[in-house]
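Structural description and commentary
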Amino acid sequence: MSSIFTKIINREIPANIEFEDEKCIVIHDINPKASIHLLIIPKKEIPSIMELEDGDSDLIGYLFLIARNMASKMDLDGYRLIFNVGEKGGQEIFHLHLHLLGFK
Ligand code: 5GP
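What counts as what
Residues numbered from 1 in each chain as written. Predicted model: local features only at pLDDT ≥ 70, side-chain atom pairs only at ≥ 80, totals over all residues. Heavy atoms only, no water. Helix = DSSP H or I, 4+ residues; strand = E, 2+ residues; numbered from the N terminus. Buried < 20%, exposed > 50% of the residue type's maximum accessible area, 1.4 Å probe, protein only. Near = heavy atom within 4 Å. Polar contact = N/O pair within 3.5 Å; in protein donor to acceptor, adjacent residues only side chain to side chain. Areas by Shrake-Rupley, 256 points an atom, 1.4 Å probe, with all protein chains shown as cover. Pairing = 2+ DSSP bridges. Axes fitted to C-alpha atoms, helices over the stretch in contact; angles between N-to-C directions.

Bringing the environment of Glu92 into the picture now. Along the polypeptide, Glu92 turns up in the loop between strand S4 (78–82) and strand S5 (98–103). Accessibility expressed as a relative area gives 74% for Glu92, which makes it exposed. Separated by 54 residues in sequence, Glu92 and Leu38 have C-alpha atoms that sit 16 Å apart.

Put into structure tokens, the structure is as follows:
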């Protein structure tokens, strides 16, 4: 079964999409924890950091570059980048995503 984020990528459920390219999508979190709260989501369905493979290193680096670009585009003065990992790490959706919590 595809994840909720894959359903958003496939336009099966709606989301406020800030950016998209062939490798990732960036959406606004439905329940924001900061004035700007983005989720940077690779299109590849990796459940969490725990399941990363060696070949995913470029993709992970890419997510951070997208985060930098988004922060710059939104004129943020500072931000936090967070991966929640595993249930005990606070992860609720098992499709990898990088949280960008932005402050002005
Ligand atoms: P996690 O706890 O897995 O690291 O983060 C999941 C995040 O996804 C939460 O911050 C939650 O608010 C957000 N979220 C859950 N369902 C949806 C949804 O349907 N749309 C959007 N835009 N965000 C969602």
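A separate point is the site of the ligand. Around the ligand, the structure places 17 residues, and the nearest of them are Asp29, Glu92, Ile93, His97 and His99. Between the ligand and His97, the relevant distance is 2.8 Å, taken from an oxygen atom to a side-chain nitrogen or oxygen of the residue. Look at the ligand: alone it shows 520 Å² of surface, and the protein chains cover 88% of it. Those elements that place two or more of their residues in the shell around the ligand are helix H1 (4–9) and strand S2 (24–28). With three residues, H1 is the largest single contributor of residues to the shell around the ligand.

Moving on, we get to the sheet that holds S2. The five strands lie next to each other as S1-S2-S3-S5-S4, forming an open sheet whose pairing is antiparallel. Pairing within the sheet leaves two strands with one partner each, and these edge strands are strand S1 (17–20) and S4. In this sheet, adjacent strand axes meet at a mean angle of 20° when their direction is disregarded. As judged from the five bridges shared by S4 and S5, these two strands associate in the antiparallel manner. For Leu81, the partnering residue across the bridge sits in S5 and is Leu100.

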